[in-house]
Amino acid sequence: MASVTSLTDLVNQQLASALSATLPEASADPLLRRSDRADFQANGILALAKKAKANPRELAAEVVGRITTGELIKDVEVSGPGFLNLTIADGAITSNLASRYADDTGRLGVPSAEHPGTTVIDYAQPNVAKEMHVGHLRSAVIGDSVVQLLEFTGENVVRRHHIGDWGTQFGMLIQYLDEHPHELDHKAGENLQASGEEAMSNLDRLYKTARKLFDSDEEFKTRARRRVVDLQAGDPATLAMWQKFVDESKIYFFSVFEKLDMEIRDADIVGESGYNDMLAETCRLLEESGVAVRSEGALCVFFDDVKGPDGNPVPLIVQKSDGGYGYAATDLSAIRDRVFRLKANTLLYVVDARQALHFKMVFETARRAGWLNDDVHAVQLAFGTVLGKDGKPFKTREGETVRLVDLLDEAIDRASAVVREKAQDLSEEEIAERGTQVGIGAVKYADLSTSANRDYKFDLDQMVSLNGDTSVYLQYAYARIRSILRKAPEGVGPSAHPELELAPAERALGLHLDAFAETVAEAAREYAPHKLAAYLYQLASHYTSFYDKCPVLKAESPEQVENRLFLCDITAATLHRGMALLGIRTPERL
Ligand code: ARG
């Protein structure tokens, strides 16, 4: 059992053929959408009538005459200036859901692309020897969900964590470590989380003391500068020490990603250093093709529409006048690697909107060089800033950047309190586990439920609230459904009965469930997890109305009990699947 054609698509097909039978020369989209008046409304006839210079209502009536009502479409009528209102047969709703339910691949009948492309996605890119902050949270959370969505649609996805692991600051760090060799030693951490914290505090301490020395001691500064040269020249002893910083940081990153309940694979971590060998070649190619030119010793790319406040053009600097390469040279080299070696069709960058100008210039440069074109394109999935409750960029009271781990811990604490208050039959251990799943889910959902390009307020009170558009609300909805299913008497279980008439709340729930596939497709196509989040929230609301109006275990007949249990179960399965695509767990009990 594979993919299931949605009711929307089935109706669309019937309408399209009725349309083309009426007006064979015209091909028109029936423009079907969900409607309050009927199940669907088709608005496409208006445009068609205009083109054919026909009366829209007459044309509509003719189309209606060609639609066979019965199994799928129960009723169709002309309304307004030439719309069609369509009602779906109850049996079709139930049967279609039953086919989704029977899909044993767990995909709920959602089709997978026949000719998938390859997308390289650049996300979750913290910096070596530095703390992770809320900006890194957004890239990780949004990126992870987009990976899940794209993979679910069948796309080949290559993940790249472009960590900041290269640059002049490493000269200072390495020189300091060389002179104080035990600064990164571990006290033998027992678990990942503990050693992650220790790794970060080691790095942080080392960074601060090295910085102090660098600023106050001219001789150390000179030695540090020499180290940068050694590093870039690939001196083995210097590289070995650099590697220690990278490894130490990775211990920390992995501990944070684990707390975020997110899979990050070591092989996908290809930081800035990974493109070091390509930098000179990238510059040569750009210079030879004339895309980049020398200006005051630096290799630059100019753009007509990028100017500074003084009206002078601001170039993208690919190589500095001292011969050093920066962020742009690395990103341009990464593009060559992703396009020519990884054979990407799409390059996706989940990066802070404040880097939009950088990517605009980098992409345009790559287009001029012919590395990007109509078949291979690059997109920045730009995200907005995380704000504090006061609406200003999120900072501690002392004005410092908030550590991501502290935020996550606080979210888990708050969520555990909520779980504890509601818990009826949970052990302490279960409360801790659920608290983590609820707290991390809350943070992810708050981020994913608004469109990425918007700023949002980090408000833990709101995030762990049981009412409103939160993950907790969805997790409780899921757990409640699972508990109803557990309460069914022996021998009574979910089973679809297409012969039964449906109550209005059942129809609304059923039609919404049928729209899962198209919602996922749209969210993946537009890199818009918030559309899936909105769908899931509506699903929980439809379920709540259904549950209020339609008794499940006390329904009128044994068949109706089974059919309603079936509606419960497929709602739970859809919630579970959808939340997983957002990277959020749905505990069985809360
Ligand atoms: N490490 C960078 C930062 O923390 C983000 C890297 C984004 N990716 C890229 N290919 N430039 O801001």
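Just so you know, these numbers come straight off a predicted model, no measurement behind them.

1. Observations regarding the domain arrangement of the protein
The domains assigned to the protein are domain 1 (7-88) and domain 2 (404-581). Between domain 1 and domain 2, the C-alpha centre-to-centre distance is 35 Å.

2. Points about the packing of helix α7 (residues 192-216) against helix α9 (residues 236-259)
Running from N to C, α7 and α9 cross one another at 135°; their axes reach a closest spacing of 8 Å. Compared by their axis directions, α7 and α9 come out oblique. Between α7 and α9 lies a crossing of left-handed hand. Of the residues in α9, those touching α7 at Leu192, Gln193, Ser195, Gly196, Ala199, Met200, Asn202 and Leu203 are Glu248, Ser249, Ile251, Tyr252, Phe254, Ser255, Val256, Glu258 and Lys259. Considering only residue class, the contact of α7 with α9 consists of eight nonpolar, six polar and three charged.

3. Structural notes on helix α14 (residues 428-448)
With 21 residues, α14 ought to run about 30 Å at 1.5 Å a step, and its terminal C-alpha atoms sit 30 Å apart, in line with that. Here α14 lies mainly inside the structure; 15 of its 21 residues are buried.

4. Things to note about the pairing of strand β11 (residues 377-383)
Bridge analysis of strand β10 (residues 346-352) against β11 gives seven bridges, and the strand direction is parallel. Bridge pairing links Thr346 to His377 in β11. Traced from β10 through helix α12 (residues 356-368) to β11, the parallel crossover comes out right-handed.

5. A word on the sheet that holds β11
With parallel pairing, the four strands of this open sheet are ordered in space as β6-β5-β10-β11. Here the strands that pair on one side only, and so sit at the sheet edges, are β6 (156-160) and β11. Ignoring strand direction, the axes of neighbouring strands in this sheet form an average angle of 20°. Examined bridge by bridge, strand β5 (residues 118-122) and β10 share four bridges and lie parallel to one another. Paired with Thr119 across the strands is Thr346, a residue of β10.

6. Describing the UniProt feature "short sequence motif: 'HIGH' region" (unreviewed entry) in the protein
UniProt marks residues 126-136 with the feature "short sequence motif: 'HIGH' region" (unreviewed entry), using the numbering shown here. Secondary structure within residues 126-136 divides into 27% helix and 0% strand; the distance between the first and last C-alpha atoms comes to 6 Å.

7. Regarding the environment of Asn127
Relative to the elements of secondary structure, Asn127 occurs in the loop between β5 and α5 (134-152). Each C-alpha atom of the pair Asn127 and Lys250 lies 9.8 Å from the other, and the pair is 123 residues apart in sequence. Once you skip the residues sitting within four places of it in the chain, Asn127 turns out to touch Ile163 and Gly164.

8. Brief notes about the sheet that holds strand β2 (residues 40-42)
Reading across the sheet, the four strands line up as β1-β2-β4-β3 and stay open at both edges, with antiparallel pairing between neighbours. Looking at the sheet topology across the chains shown, the edges are occupied by β1 (32-34) and β3 (73-79). Pairwise comparison of adjacent strand axes, ignoring direction, gives a mean angle of 25° for this sheet. With three bridges joining them, β2 and strand β4 (residues 83-88) adopt antiparallel strand pairing. Bridging across to β4, Ala42 finds its partner in Leu84. The strands touched by helix α3 (residues 56-66) within the sheet are β3 and β4, with β3 carrying the most contacts at an inclination of about 165°.

Rules of the game
Residues numbered from 1 in each chain as written. Predicted model: local features only at pLDDT ≥ 70, side-chain atom pairs only at ≥ 80, totals over all residues. Domains from an automatic or database assignment. Axes fitted to C-alpha atoms, helices over the stretch in contact; angles between N-to-C directions. Helix = DSSP H or I, 4+ residues; strand = E, 2+ residues; numbered from the N terminus. Parallel < 35°, antiparallel > 145°, perpendicular 65-115°, else oblique. Left-handed = near helix turned anticlockwise from the far one by under 90°. Contact = placed C-beta atoms within 7 Å. Nonpolar A, V, L, I, M, F, W, Y, C, P; charged D, E, K, R; others polar. Expected span 1.5 Å × (residues − 1). Buried ≥ 20, exposed ≤ 12 C-beta atoms within 10 Å, placed from the backbone. Pairing = 2+ DSSP bridges. Right-handed = clockwise from strand over helix to strand, strands pointing away. UniProt positions renumbered as here; feature names shortened; annotations may be inferred.

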